[in-house]
Amino acid sequence: MRPLILILPLLVSGCANYAFNSNLDKKNFDTYFKPGSVEVYTQDQLSDLNYLYLGTVEGQSCQEASNQPVPSAGDARTEARRKAADMGGNGVVFDRCSETTGTPGCLQQVVCYGQALKVAEPK
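Residues numbered from 1 in each chain as written. Predicted model: local features only at pLDDT ≥ 70, side-chain atom pairs only at ≥ 80, totals over all residues. Heavy atoms only, no water.

Could you clarify how one ought to interpret the state of the cysteines in this entry?
Linking two cysteines covalently through their sulfur atoms gives a disulfide. Taken as a whole and judged by the stated rule, the model has 2 disulfides. The disulfide partner of Cys62 is Cys106, and the gap between their sulfur atoms is 1.9 Å. A torsion of -120° about the S-S bond marks the disulfide between Cys62 and Cys106 as left-handed. A residue pair is termed long-range when its members are at least 10 positions apart, and Cys62 in strand β2 (residues 51-63) and Cys106 in the loop between β3 (91-101) and β4 (108-119) qualify at 44 residues. Covalently, Cys97 is tied to Cys112 through a disulfide, its sulfur atoms 1.9 Å apart. Its torsion about the S-S bond being 110°, the disulfide of Cys97 and Cys112 is classed as right-handed. With Cys97 in strand β3 and Cys112 in strand β4, the pair connects residues that are 15 residues apart, well separated along the chain. For Cys97, a relative accessible area of 36% translates into the label partly exposed. (Disulfide = S-S within 2.5 Å. Helix = DSSP H or I, 4+ residues; strand = E, 2+ residues; numbered from the N terminus. Buried < 20%, exposed > 50% of the residue type's maximum accessible area, 1.4 Å probe, protein only.)

So, to be careful, I would describe these as geometric facts and stop short of saying anything about function.
Encoded structure:
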């Protein structure tokens, strides 16, 4: 009798007209994992690579209010990697990151600048 009492609510809820909505769609997955497809290279590594320069990218991390976390260079680099992937790149070389305070809309801000690359696969 006791197992029936435990299983009955599950059976009844399975027959209910309940809709489940989620933000797990292909576009969100692609956007979330996009930076992972972009390798970070150093200037020294470029001499050993066959690559095409695609353009300049920048990423920023902004603290809009004092109750938000401090901006980080890691978040800014991740945004720049996402932009490099949007350009069709699979590599990026960062030139520099700069930290500023008091910019419009941000209490503190970190901006990282880099070059998006399309690196050929090694043969």
